[in-house]
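Overview (structure and organization)
Chain by chain, the residues run as shown.
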Amino acid sequence: MSDHGTHSHGPVTRSGESADETLQHSIESEHGDHHAHGGLGKYLLVFLALCGLTTMSFFTYSPAWPWRDQPQVGWTFMMAVSCTKAMLVILFFMHVWWEANWKYVLTIPAAMMALFLAIMLIPDVGMRNRMVSQERALHMARGADLKVLEKASTEGPFAVQAH
Amino acid sequence: MWLFLSTEIMFFAALLGSYVVLRFGAPIWPKPHHVHLSEPIGAFNTFVLICSSVTVVLALEAARANKASLAKIWMLLTLLLGTLFLGVKGYEYSAKFSHGIYPAMPHSRIYERPDLYYGSAVRARLDELRKTPVGQVPSALRDPADAEAKSGDTVDLLQRLDAAPADRLSADQETARTRLQQIQKMVMSPDQQAFDMAVVADQVMPLPAEGASHGGGHGAHGLNDAFPWLRLPTVIPGGNMWASTYFLLTGFHAIHVAVGLLVFGIMCTWTLNAKRVGAIENIGLYWHFVDLVWIFLFPLMYLF
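Parameters and conventions
- Residues numbered from 1 in each chain as written.
- Chains lettered and ligands numbered in written order.
- Predicted model: local features only at pLDDT ≥ 70, side-chain atom pairs only at ≥ 80, totals over all residues.
- Heavy atoms only, no water.
- Contact = heavy atoms within 4.5 Å.
- Buried area = accessible area lost by both parts, 1.4 Å probe.
- Salt bridge = Lys/Arg side-chain N within 4 Å of Asp/Glu carboxyl O.
- Domains from an automatic or database assignment.
- Helix = DSSP H or I, 4+ residues; strand = E, 2+ residues; numbered from the N terminus.
- Buried < 20%, exposed > 50% of the residue type's maximum accessible area, 1.4 Å probe, protein only.
- Phe/Tyr/Trp six-rings, centres within 6.5 Å; stacked < 30°, edge-to-face > 60°.
- Lys NZ or Arg CZ within 6 Å of the ring centre and 35° of its normal.
- Axes fitted to C-alpha atoms, helices over the stretch in contact; angles between N-to-C directions.
- Parallel < 35°, antiparallel > 145°, perpendicular 65-115°, else oblique.
- Left-handed = near helix turned anticlockwise from the far one by under 90°.
- Nonpolar A, V, L, I, M, F, W, Y, C, P; charged D, E, K, R; others polar.
- Expected span 1.5 Å × (residues − 1).
- Polar contact = N/O pair within 3.5 Å; in protein donor to acceptor, adjacent residues only side chain to side chain.

A look at the interface of chain B and chain A
- Counting from both sides, the interface comprises 67 residues of chain B and, opposite them, 66 residues of chain A.
- For the pair chain B and chain A, the summed buried surface comes to about 5700 Å²; carbon and sulfur atoms form 76% of the total.
- Per-residue buried area on chain B facing chain A is highest for Trp2, Val21 and Arg113 of chain B; these three make up 13% of the total on that side.
- Viewed at the interface, chain A and chain B are joined by one salt bridge.
- Arg113 of chain B is the salt-bridge partner of Asp145 of chain A, the closest N and O atoms lying 3.0 Å from each other.

Written as structure tokens, this is what we have:
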């Protein structure tokens, strides 16, 4: 990023460009990135990487995934893969790689606020089931219900006929 | 455009954040196969969106090079891929609806626990079936006499099913018929046990075992699958919260996709030369953002 646009405000100028070219840029494109900088090859490479990464996160679902009994490992892995994919899309498809830094002034605070928002939900929403009324607890599903259903399926009166 | 996108970041991050918080705060959350989600279909949709992101980028590049017809081809391809995404999403939604998975009552048939409350809901539905209006009788159980019936007349569908000749039923349906009779006895019995209700729930719609293939969620193994008109209440622990968040998140995403398609549709009528670069770039940014949201939605919804 920094090798292209070092200015953090105003119309984007690039080092080594004459004033005329700079003017041309601001007329032709509000982002000043009208040069063909991607090329088919680069986009194809990014596309293949995205496909490969999708297959990787899909792999956590396959029986070959070694951490099947620890879902947290898979979750972390998938989020890492998703963030990588997001970075690829933002940097190359959304052309941020060739942009100046001012775009981050908008997006990074927005992303941070979004993160804070999610964190602020934890005490009220995330922990809402720590303390519940007896009546609510009576109708609330829990892990035991799943076990009972599984037992009904394998040991119930129709188990032999059904399976 | 970037200002708009940053508001969109906050909008979707709030939705995704609430989903994550709700999901991990819940005492139990259904596994993807419990709610008939198909991972391969989700992965396919991810692939479709990634492809459409590439085509829109190529449309932009073609327009920059002033190749209007090439740009239009890429734009049309994007439109096609986006429509494909929505079509697959619609198919998935229909699979949910056919299993009684809706975000809210009265369409939703999800009960949280196989308890006596669930049993009474099954009883209520069975009573309803005994008084089905003539117009709503499924074609397989229709009687020639129905044609002469008055509009206010009702039919006892359960009795009619019991009386139906065996040759009008498939082998699966015949087993299901006997099963249904046994279940009726169980929910009517005065000395029923809590475990009986779990057996009933398992018969109405079994929760598929992990790794079971269910071809897009249209598998047929429960009573509700054998006779779709039964529409008996089902038990999916944690299913209601799941349905609410699933339909909200994917629904808002689908609306964004639809808006994008609308703009692509309009653009396909333009001459996409170098003068339109700004417009294509902006819709492209929007479209990549929609792709971005799906990149996070897919693992969170289908694989977690």
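Next comes the rest of the description.
A few points about the domain arrangement of chain A
Residue and element names in this part refer to chain A.
- What the domain assignment reports for chain A is domain 1 (14–99) and domain 2 (100–156).
- Listed as interface residues are five residues of domain 1 and, on the opposing side, five residues of domain 2.
- Overall, the association of domain 1 and domain 2 removes approximately 360 Å² of surface from exposure, summing both partners, and the carbon and sulfur fraction of that is 49%.
- Linking domain 1 to domain 2 there are zero salt bridges.

A word on the pattern of salt bridges
Residue and element names in this part refer to chain B.
- Enumeration over the complete set of coordinates arrives at six salt bridges over all chains.
- Between Lys89 and Glu92 there is a salt bridge; the shortest N-O distance is 3.0 Å. One end of the pair is Lys89 and the other is Glu92, both in helix α3 (residues 68–98) and three residues apart, which spans about a single turn.
- Classification of Lys89 by relative accessible area gives buried; the value is 3%.

A look at the packing of aromatic side chains
- Under the counting rule described, the total for this entry stands at 25 aromatic pairs over all chains.
- Considering the side-chain rings of Trp65 of chain A and Trp67 of chain A, the 5.2 Å spacing of their centres and the 65° angle between planes classify their relative orientation as edge-to-face.
- Judged by its relative accessible area of 7%, Trp65 of chain A falls in the buried class.
- Connected via pairs of aromatic rings, a cluster forms that spans Tyr93, Phe97, Tyr102, Trp242, Tyr246 and Phe247 of chain B.
- Seen from the ring of Trp270 of chain B, Arg276 of chain B lies directly overhead, with NZ or CZ sitting 4.1 Å from the centre.

Regarding the packing of helix α6 (residues 171–188) of chain B against helix α7 (residues 194–204) of chain B
Residue and element names in this part refer to chain B.
- Relative to each other, α6 and α7 sit at 150°, their axes nearing to 10 Å. With respect to α7, the element α6 is oriented roughly antiparallel. Pair α6 / α7 crosses with left-handed handedness. Residues Arg179, Ile183, Met186 and Val187 of α6 form the contact with α7, whose own contacting residues are Asp196, Met197, Val199, Val200 and Gln203.
- Of the residues contributing to the contact of α6 with α7, the split by class is six nonpolar, one polar and two charged.

What about the side chain of Asn45 of chain B?
- As for its position among the elements, Asn45 of chain B is in helix α2 (residues 39–64).
- On the basis of relative accessibility, which here comes to 0%, the residue Asn45 of chain B falls in the buried class.

A closer look at α6 of chain B
- Helix length check: α6 of chain B (18 residues) gives 26 Å between terminal C-alpha atoms against 26 Å at 1.5 Å per residue, within 8%.
- Burial in α6 of chain B covers these residues: Ala176, Arg177, Arg179, Leu180, Ile183, Gln184, Met186 and Val187 of chain B.

Quick look at the packing of helix α4 (residues 116–130) of chain B against α7 of chain B
All names here are of chain B.
- Two elements in contact, α4 and α7, have axes whose closest approach is 9 Å; the angle formed by their N-to-C orientations is 50°. In terms of their interaxial angle, α4 and α7 are classed as oblique. By crossing handedness, the relation of α4 to α7 is classed as left-handed. Of the residues in α7, those in contact with Leu116, Tyr118, Gly119 and Val122 of α4 are Met197, Val200, Ala201 and Val204.
- Classifying every residue of the contact of α4 with α7 by side-chain character gives seven nonpolar, one polar and no charged.

Looking at the side chain of Ser53 of chain B
- Tracing the sequence through the fold places Ser53 of chain B in helix α2.
- Judged by its relative accessible area of 0%, Ser53 of chain B is buried.
- A distance of 2.9 Å separates a polar atom in the side chain of Ser53 of chain B from a polar atom in the side chain of His288 of chain B.
- When sequence neighbours within four positions are dropped, the list of residues in contact with Ser53 of chain B reads Phe93 of chain A together with Trp287, His288 and Asp291 of chain B.

Side note on unusual backbone geometry
Residues and elements named next belong to chain B.
- At Asn66, a position not held by glycine, the phi torsion is positive, near 65°.
- Considering the arrangement of structural elements, one finds Asn66 in the loop between α2 and α3.
- Exposure remark for Asn66: the relative accessible area of 48% places this residue in the partly exposed category.
- We note that Arg231 has phi near 45°; this positive angle belongs to a residue other than glycine.
- In this structure, Arg231 sits in the loop between α8 (223–226) and β4 (234–235).
- For Arg231, a relative accessible area of 43% translates into the label partly exposed.

Let's talk about the environment of Phe158 of chain A
- Turning to its location among the elements, Phe158 of chain A is positioned in the loop between α6 (143–155) and α7 (159–162).
- Filtering out sequence-adjacent residues up to four positions away, Phe158 of chain A remains in contact with Arg179, Gln182, Met186, Val199 and Gln203 of chain B.

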